[in-house]
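Structural features, examined
Read off the chains here:
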Amino acid sequence: VDFPDPWPANIPEPWQAMLKRLLAKEPEGRFSNYAELREALVALQPVESPTAGRLPRTLAWLVDLALLLALYVLTFFAMHAAVAAFEYANGTPRLSFIHFLIAVGSTLVPAVGMAFQTLTGTTPGKIMFQLRIVTPHGLEPPKRTLAARSLFQFLPMWLSLIGGIVTAIAPLIAAFIVGSGFMFVIADAAFALFHAQGRSLHDWALHTRVVLSSRG
């Protein structure tokens, strides 16, 4: 069987993989038994869920940012305390390069949040408010879509950290990066405010939506 290349846009990627396994030429490429096939079909079954409102989405986003901010503060002070202890024990002056590395290392905090959402498909805020990210077909988005979406979700923290690093080297470039980024954040919020269903600009661009979770 020759499959279309590219596949039609209205066929989700998980369904494409399912069809390929069902029609695989080699036996080892197919489902080994009915139970395995049924499990795969159940996992791909769309779940009709109402679109989440603006308030729970905003609160979930604020919870996630607050948790990352708390993690950042703990990480920042822990690294500075370690450097101060090293300097005190060795009697060496403060090294600007070490503190630059600390600033760069702080970007691992939003990276952790990004990785968590990419791998699990959710965040602590969404779990708290029982929200879920889905595709237009009601399925879990691909990992690359979740990664791109989490990048936009944590954009304010990324901008603050990157801006702080670049400011010491090129203040004008840092101002442009931070300014452009926050303009996008404002545009994203305005899009969600005026959209009929409260859909954000990044959800519209990535073909995702946030719904009330109906799965236990």
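Residues numbered from 1 in each chain as written. Predicted model: local features only at pLDDT ≥ 70, side-chain atom pairs only at ≥ 80, totals over all residues. Heavy atoms only, no water.

**Observations regarding the overall build of the protein**
The condition that has to hold: To qualify as a helix, a DSSP run of H or I must reach at least 4 residues; to qualify as a strand, a run of E must reach at least 2; elements of each kind are numbered from the N terminus. Accessibility here uses a 1.4 Å probe with only protein chains present; expressed as a share of the type maximum, an area under 20% marks a residue as buried, one over 50% as exposed, and anything in between as partly exposed. What makes two residues a contact is simply this: any of their non-hydrogen atoms within 4.5 Å. Residue burial considers only the protein chains on display, and all accessible areas are found by Shrake-Rupley using a 1.4 Å probe.
Counting secondary structure elements, the protein contains ten helices and two strands. Reading the protein from its N terminus to its C terminus gives the helix and strand order α-α-α-α-α-α-β-α-α-α-α-β. Evaluated residue by residue, the protein yields a buried proportion of 32% over its 216 residues. For the protein, restricting intrachain contacts to residue pairs at least 6 apart in sequence, the fraction spanning at least 24 positions comes to 67%. A total of about 13,200 Å² of accessible surface is found on the protein, and carbon and sulfur atoms cover 71% of it.

**Focus: the packing of aromatic side chains**
The criterion, for reference: We call Phe, Tyr and Trp rings a pair once their centres come within 6.5 Å, taking the six-membered ring for Trp, and we label the pair stacked below 30 degrees between planes, edge-to-face above 60, and tilted otherwise. Only lysine NZ and arginine CZ atoms are considered, and such an atom sits over a ring when it is within 6 Å of the ring centre and within 35 degrees of the ring normal.
Taken as a whole, this structure holds two aromatic pairs when the rule is applied. When the ring centre of F31 is taken as reference, the NZ or CZ atom of R21 above it lies at 3.9 Å.

**What about the side chain of T122?**
The residue T122 is located in the loop between α5 (108–120) and α6 (124–128) in this model. Ignoring sequence-local partners within four residues, the contact set of T122 consists of F116, Q117, I127 and L131.

**Observations regarding the confidence of the model for the protein**
Stated precisely, the cut-off is as follows: Confidence of the predictor at the level of single residues is captured by pLDDT, which takes values from 0 to 100.
Averaged over every residue, the pLDDT of the protein is 80; residues scoring 70 or more account for 84%. Put simply, helix α4 (residues 96–105) is where the protein has its lowest mean pLDDT, 64, and α6 is where it has its highest, 93.

**Some remarks on the pattern of salt bridges**
Definition in use: What counts as a salt bridge is simple: a side-chain nitrogen of Lys or Arg found within 4 Å of a carboxyl oxygen of Asp or Glu.
Applying the stated criterion across every chain, the model contains four salt bridges. D203 is the salt-bridge partner of R149, the closest N and O atoms lying 2.8 Å from each other. Here R149 is found in helix α7 (residues 143–153), whereas its partner D203 is found in helix α10 (residues 201–206), with 54 residues between them in sequence. Accessibility expressed as a relative area gives 3% for R149, which makes it buried. D203 gets classed as buried once you look at its relative accessible area, which sits at 0%. Shared partners join several salt bridges into a network, and the residues in it are R57, R149 and D203.

**Some thoughts on the packing of helix α8 (residues 155–167) against helix α9 (residues 171–194)**
In plain terms, the rule: Lines fitted to the C-alpha atoms define the axes, with helices restricted to the stretch that makes contact. Angles between their N-to-C directions range from 0 to 180 degrees. Each angle receives one of four descriptions, namely roughly parallel if under 35 degrees, roughly antiparallel if over 145, roughly perpendicular if within 65 to 115, and oblique otherwise. Each residue gets one of three labels, nonpolar for Ala, Val, Leu, Ile, Met, Phe, Trp, Tyr, Cys and Pro, charged for Asp, Glu, Lys and Arg, and polar for the others, Gly among them.
Between α8 and α9, the least distance of the axes is 8 Å, while the angle of their chain directions is 170°. Relative to α9, α8 is oriented roughly antiparallel. Counting all contacts with α8, which are made through L155, P156, L159, S160, G163, V166 and T167, the residues of α9 involved are P171, I173, A174, I177, V178, G181, F182, F184 and V185. Across the contact of α8 with α9, the residue classes break down as twelve nonpolar, four polar and no charged.

**Quick look at the pairing of strand β1 (residues 131–134)**
Every regular strand shows the same layout, with side chains that alternate between the two sheet faces. Convention followed: The rule for pairing is simple: two strands pair if DSSP sees at least two bridges between them.
Burial of the side chains of β1 extends over both faces: L131 and I133 are buried on one face and R132 and V134 on the other. Taken together, the four bridges between β1 and strand β2 (residues 209–212) define a ladder with antiparallel strand orientation. Each residue of the ladder has a partner; that of R132, found in β2, is V211.

**Describing α8**
The condition is simple: To estimate the expected span of a helix, subtract one from its residue number and multiply by 1.5 Å.
Along its 13 residues, α8 runs 17 Å from first to last C-alpha, staying within 8% of the 18 Å computed at 1.5 Å per residue. For α8, the full list of buried residues reads L155, P156, M157, W158, L159, L161, G163, I165 and V166.

**Notes on a nonpolar patch on the surface**
The line we're drawing: Each patch is assembled from residues with relative accessible area greater than 30% and no salt bridge, linking like charges that lie within 9 Å and nonpolar side chains (Val, Leu, Ile, Met, Phe, Trp, Tyr) that lie within 5 Å.
Taken together, the side chains of I162, I173, F176 and I177 present a nonpolar region at the surface, about 360 Å² in accessible area. Among the secondary structure elements, I162 is positioned in helix α8. A relative accessible area of 32% places I162 in the partly exposed class.

**Digging into the nonpolar core**
Spelled out, the test is: Within this scheme, the nonpolar core is defined by two criteria: the residues are buried Ala, Val, Leu, Ile, Met, Phe, Trp, Tyr or Cys, and they are joined through side-chain atoms within 4.5 Å.
With eight residues, the main nonpolar core is built from L65, L68, Y72, V109, F154, M157, W158 and L161. Sorting the residues of this core by element identifies α3 (54–90) and α8 as the ones contributing at least two each. Excluding residues within four positions of it along the chain, L65 makes contact with Q153, F154 and M157. Judged by nonpolar contacts, the second largest core, of five residues, contains M18, F31, A40 and L44.

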